[in-house]
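# Architecture at a glance
Now for the letters of each chain:
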Amino acid sequence: MRLLLIEDDAMIGEAVREVLRDVAYAADWVQDGETALACLEAQSYDLILLDLGLPDMDGMELLKKVRIRSDIPLIVLTARDAVEERIRGLDLGADDYLIKPFETGELLARIRAVCRRRGGSGSPLLSNGRITLNPATHEAVCGEVSCVLSAREFALLQALLVTPGRILSRSELENKIYGWNEEVESNAVEFLIHSLRRKFGADLIKNIRGVGWMVAGTS
């Protein structure tokens, strides 16, 4: 899953980006509103984390601009704790509003909750009927086989299970696994798919020659 973090404080931005990367999110971090808008024009994101105190425009104004362009899930991260500010942010289209300072565990839980709501599911698990993935623990269960996945194994399987039955190309999968300034390893996608197939069966992930990979649709 690829996230855009919009945060002007260098210390907070670096810390949040590292937390996101540690749990296998591809995280791009920018420090002003104009750069954020440019990123949204050039790149597809699954979720936005937005600080309101930006140097070039108020975060609420940026929120309005984002909502004119798209309905990407968005969580506000801010020190503005007045009830009126929270109401305004939610009414402008934020999916959630988290007050600084916050625990990273709560941030990750809110990201998962927002993604579940936007995906139309109340379940904390991803499943296509054959394999089930827990985003909170990175544990995958397939029949009698259960194991905790590595960060990138998790990122790849999550990308496939979010839209079971849909073929994802190599570039789409790499986009979910790697953020800016992360070197895309040669044959990384094939290596991760081979690893998952060894654990859960050779037919878990299907290759559509010349197009990409998929898991079977929900059964």
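In this text, all values refer to a predicted model and were calculated from it rather than measured experimentally. (Residues numbered from 1 in each chain as written. Predicted model: local features only at pLDDT ≥ 70, side-chain atom pairs only at ≥ 80, totals over all residues. Heavy atoms only, no water.)

On to the sheet that holds strand β1 (residues 2–6), then. One open sheet holds the five strands; their spatial order is β2-β1-β3-β4-β5, and the pairing between them is parallel. Every other strand in the sheet has two partners, leaving β2 (26–30) and β5 (96–99) as the edge strands with one partner each. Averaged over neighbouring strand pairs, the angle between their axes works out to 20 degrees when direction is ignored. Pairing analysis gives five bridges linking β1 to β2, with the strands arranged parallel. Within β2, the residue paired with Ile 6 across the bridge is Val 30. On top of the sheet, helix α3 (residues 59–69) reaches β1, β3 (47–51), β4 (74–78) and β5; it is set at about 160 degrees to β3, its chief contact. (Pairing = 2+ DSSP bridges. Helix = DSSP H or I, 4+ residues; strand = E, 2+ residues; numbered from the N terminus. Axes fitted to C-alpha atoms, helices over the stretch in contact; angles between N-to-C directions. Contact = heavy atoms within 4.5 Å.)

This brings us to helix α5 (residues 104–118). An α-helix turns once every 3.6 residues. As a result, residues three or four positions apart point the same way. The end-to-end C-alpha distance of α5, which contains 15 residues, comes to 21 Å, matching closely the 21 Å that a straight helix rising 1.5 Å per residue would cover. All buried positions along α5 are accounted for by Leu 107, Leu 108, Ile 111, Ala 113 and Val 114. Tucked inside the fold, the buried residues of α5 contact β1, α1 (10–22), β3, β4 and β5. (Expected span 1.5 Å × (residues − 1). Buried < 20%, exposed > 50% of the residue type's maximum accessible area, 1.4 Å probe, protein only.)

The end-to-end C-alpha distance of α1, which contains 13 residues, comes to 18 Å, matching closely the 18 Å that a straight helix rising 1.5 Å per residue would cover. For α1, every residue scored as buried is listed here: Gly 13, Val 16, Arg 17, Val 19 and Leu 20. The buried residues of α1 occupy an angular sector of 160 degrees when projected down its axis, which confines them to one face. Facing away from the buried side of α1 by over 90 degrees, the exposed positions are Met 11 and Asp 22. (Arc of directions from axis to C-beta.)

The next thing to look at is the side chain of Asp 51. Tracing the sequence through the fold places Asp 51 in strand β3. There is a polar contact of 3.5 Å between the side chain of Asp 51 and the backbone nitrogen of Gly 53. Each residue touching Asp 51, except ones within four places of it in the same chain, is listed here: Ile 6, Glu 7, Asp 8, Gly 59, Leu 77, Thr 78 and Lys 100. (Polar contact = N/O pair within 3.5 Å; in protein donor to acceptor, adjacent residues only side chain to side chain.)

Tracing the backbone shows Gln 158 in helix α6 (residues 151–162). Judged by its relative accessible area of 6%, Gln 158 is buried. Beyond its immediate chain neighbours, meaning those up to four positions away, Gln 158 contacts Met 1, Tyr 25, Leu 126, Leu 133 and Pro 135.

Next up on the list: the pairing of β5. Bridge count between β4 and β5: four bridges; the pairing is parallel. Among the inter-strand pairings, Thr 78 is bridged to a residue of β5, identified as Ile 99.

Another point: the sheet that holds strand β6 (residues 126–127). The strand order β6-β7-β8-β9 describes an open sheet built from four strands, whose pairing is antiparallel. Two strands lie at the open edges of the sheet, namely β6 and β9 (145–148), each paired on one side alone. Where β6 meets strand β7 (residues 131–134), two bridges bridge the pair, whose relative direction is antiparallel. In the strand pairing of β7, Ser 127 is matched with Thr 132. α6 rests against β6, β7 and β8 (139–142) of the sheet, and its axis sits at about 120 degrees to β7. Each of β7, β8 and β9 touches helix α8 (residues 188–200); the most contacted strand, β9, lies at about 140 degrees to it.

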